[in-house]
Amino acid sequence: MNALDLSVLGSPEHPTLGLDTFGDVGREADGSPQHQAEAIRETVAEAVLADQVGVDYLGLGEHHRPDYAISAPDVVLAAIAGQTERLRLGTGVTVLSSDDPVRVYQRFATLQAISHGRAEVQLGRGSFIESFPLFGYDLDDYEVLFHEKVELFHALQREQPVTWNGSKRAPLSNQTVHPRTEAGVPAWIAVGGSPQSVVRAASFGMPLVLAVIGGSPGQFVPFADLYRRALAESGQELLPIGMHSPGHVAATDELAREQLFPHQKDLYERLGRERGWGPYSRIAFEQGASPTGAMFVGSPETVAQKIAWACRELGLSRFQLKYSVGALPHEQRMESVRLYGTEVIPRVRELLAQG
């Protein structure tokens, strides 16, 4: 296989603009949880719309808990591939620590064939730990599992016979993994803001995705700079940097905020009960939705201005809006996807072209 063509992921001059979802489980009219099967079907419908309105990329997050329906992103992506034509298809993230790199590579090599070369994968450790006991892994091995498995996945990307040895998986001796692809499988490393993780991405020569879900995108500039410096110091060319943040688009700023706030509050406080967080206030929400906050919520113009600012600030090649937040209704998500593709993306491109 020849060297991967990473230009398909975007560049600072022409960033790709995508969407992310975890297949959040909504609520029925009586307040009971939506069936996970319906949440998955809604995700496929949202992806088909995204393809139709010009969105560049869709990422599906892997989770193993009741409030998120997608535990097998590659299966859902294969269904989406059969109903779309141009949308790039990936994950946000594949929890590599509790999976097998060989099987992950095989699944995404298969998706490459099905989608005619539109597949990519984002590798991460995930912010939830349910997959570790589910698949028989020890949390004490959290760091070594991820490092060794990224190392093996990176070797598999060459699509040559692999000889590899680690401490947490059976070794490989001159073994070839099938199916082969026509142009490889691009893989990003997704990080939450750890300098060590940023440097690791550079050491493997993999593009970087920053999960900006709190604070300000501006606070992540040092991580983007560290990544570029680590690449330069190891003699590598610059590689794409992406960013993932939550948000919602509606006709006006007021409508977008009023639609999103109750679901953002419910999500934050639900996770907070597991993690010991305090209550979520309207003030905290407004700070996140401010021009420099981590939430991209508002009218198409407001969201486009903020995305263009973030792209310039961090030198992004990819921006991904996590458009499904808690029990935000499917109809509102569909409208958010429609506005993102038809109004936000063209406006971002116009703003970036202006300099």
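Coordinates for the structure precede this section.
The rules we used
- All residue numbers refer to positions counted from 1 along the written sequence of the respective chain.
- With the structure being a predicted model, the display of local features is reserved for residues of pLDDT at least 70 and the display and counting of side-chain atom pairs for 80 or more, all residues being used for whole-chain, interface and lining totals.
- Each side-chain value is derived from all of the structure's non-hydrogen atoms; neither hydrogens nor water enter the calculation.
- In DSSP terms, a helix is any run of H or I states spanning at least four residues, a strand is any run of E spanning at least two, and both are numbered starting from the N terminus.
- Three exposure classes are used, based on accessible area relative to the maximum for each residue type with a 1.4 Å probe and protein chains only: buried under 20%, partly exposed in between, and exposed over 50%.
- Two N or O atoms form a polar contact when they lie within 3.5 Å of each other; inside protein one atom must be a possible hydrogen donor and the other a possible acceptor, and for residues adjacent in sequence the pair counts only when both atoms belong to side chains.
- By definition in these notes, contact holds between two residues if any of their heavy atoms fall within 4.5 Å.
- Here the expected length of a helix is defined as 1.5 Å per residue gap, with one fewer gap than residues.
- Every definition here rests on a 1 Å grid over the protein atoms only: cavities are sets of points where a 1.4 Å probe fits but cannot get out, pockets are open sets enclosed by protein on both sides within 12 Å along at least five of seven lines, and lining residues have some atom within 4 Å of a point.
- Grid points are joined across faces, edges and corners, and a volume is the space filled by probe spheres set on the points.
- As a working rule, the residues Ala, Val, Leu, Ile, Met, Phe, Trp, Tyr, Cys and Pro are called nonpolar, Asp, Glu, Lys and Arg charged, and the rest polar, with Gly in that last group.
- Ring pairs are drawn from Phe, Tyr and Trp, using the six-membered ring of Trp, whenever the two centres fall within 6.5 Å, and their geometry is named by plane angle: stacked under 30 degrees, edge-to-face over 60, tilted for the rest.
- Remark: nonpolar core denotes a set of buried residues (Ala, Val, Leu, Ile, Met, Phe, Trp, Tyr, Cys) joined through side-chain atoms within 4.5 Å.
- Salt bridge, as used here, is a side-chain nitrogen of Lys or Arg placed within 4 Å of a carboxyl oxygen of Asp or Glu.

An account of the side chain of histidine 330 is requested, with residue identities and associated values reported.
As for its position among the elements, histidine 330 is in helix α11 (residues 330-354). Look at histidine 330 and you get buried, because its relative accessible area is 18%. For histidine 330, the side chain forms a polar contact with the side chain of glutamate 46, separated by 2.8 Å. Excluding anything up to four places from it in sequence, histidine 330 contacts Glu42, Ala45 and Glu46.

An account of helix α7 (residues 221-233) is requested, with residue identities and associated values reported.
Compared with the 18 Å implied by 1.5 Å per residue over 13 residues, the 18 Å span of α7 between its first and last C-alpha is a close match. Every buried residue belonging to α7 is among Val221, Phe223, Ala224, Leu226, Tyr227, Ala230 and Leu231, and all of these are buried. Where α7 is buried, its residues contact α6 (195-203), β9 (208-211), β10 (241-249) and α10 (300-314). Two residues or fewer after α7 comes glycine 235, characterised by a positive phi angle close to 75°.

Account for the layout of surface pockets, with residues named and values stated.
Over the atoms rolls a probe the size of a water molecule, and in doing so it shows where empty space is left. Space inside the largest pocket adds up to approximately 1200 Å³. Contributing to the lining of the largest pocket are 49 residues, with Phe22, Ser127, Ala211, Ile213 and His244 lying nearest its centre. Elements supplying a minimum of two residues to the lining of the largest pocket: β5 (121-124), α5 (142-156), β8 (187-191), β9, β10, α8 (253-275), α9 (282-288) and β12 (318-322). The element contributing the most residues to the lining of the largest pocket is α8, with 5 residues.

Just give me the short version of empty space enclosed by the protein, but keep the residues and values in it.
Inspection of every chain in the model, using the stated rule, returns 1 cavity of 30 Å³ or more. Lining the largest cavity we find Tyr105, Leu156, Glu159, Gln160, Val162, Gln175, Thr176 and Val177. Considering only residue class, the lining of the largest cavity consists of 4 nonpolar, 3 polar and 1 charged.

Which residues make up the packing of aromatic side chains, and what values do they have?
By convention here, two paired aromatic rings are described through the distance between centres and the angle between planes. Inspection of the entire model under this criterion finds 10 aromatic pairs. With 5.8 Å between their ring centres and 45° between their planes, phenylalanine 220 and phenylalanine 223 make a pair best called tilted. Comparing phenylalanine 220 with phenylalanine 223 shows no difference in burial state: the two are buried. Both rings, one in phenylalanine 261 and one in tyrosine 280, keep their centres 6.4 Å apart while their planes meet at 25°; by these two values the pair is stacked.

Describe the nonpolar core, and please don't skip the residues or the numbers.
In this structure, Leu19, Phe153, Leu210, Tyr227, Ile307, Phe319 and Tyr340 are the most contacted members of the largest nonpolar core, which totals 90 residues. In terms of residues, this core owes the most to one element, α11, which gives 8 residues. Leaving out residues up to four positions away in the same chain, tyrosine 227 has contacts with Val198, Ala201, Ala202, Met206, Pro207, Leu208, Leu239, Pro240 and Ile241. Counting residues in each nonpolar core, the second largest holds 15 residues, with Ala250, Ala256, Tyr280 and Phe285 among its members.

Got a sec to walk through the pattern of salt bridges? Specific residues and values, please.
What the rule picks out here adds up to 27 salt bridges. For arginine 282, the salt bridge identified is with glutamate 258, shortest N-O distance 2.9 Å. Of this pair, arginine 282 sits in helix α9 while glutamate 258 sits in helix α8, and the two are 24 residues apart along the sequence. What makes arginine 282 partly exposed here is its relative accessible area of 28%. Judged by its relative accessible area of 44%, glutamate 258 is partly exposed. Across the salt bridge formed by arginine 270 and aspartate 266, the nearest N and O atoms sit 3.7 Å from each other. With a gap of 4 residues between them, arginine 270 and aspartate 266 both fall in helix α8, about one helical turn apart. Beyond isolated ion pairs, a larger network of salt bridges with shared partners links Arg65, Asp67, Glu130, Asp266, Arg270 and Glu274.

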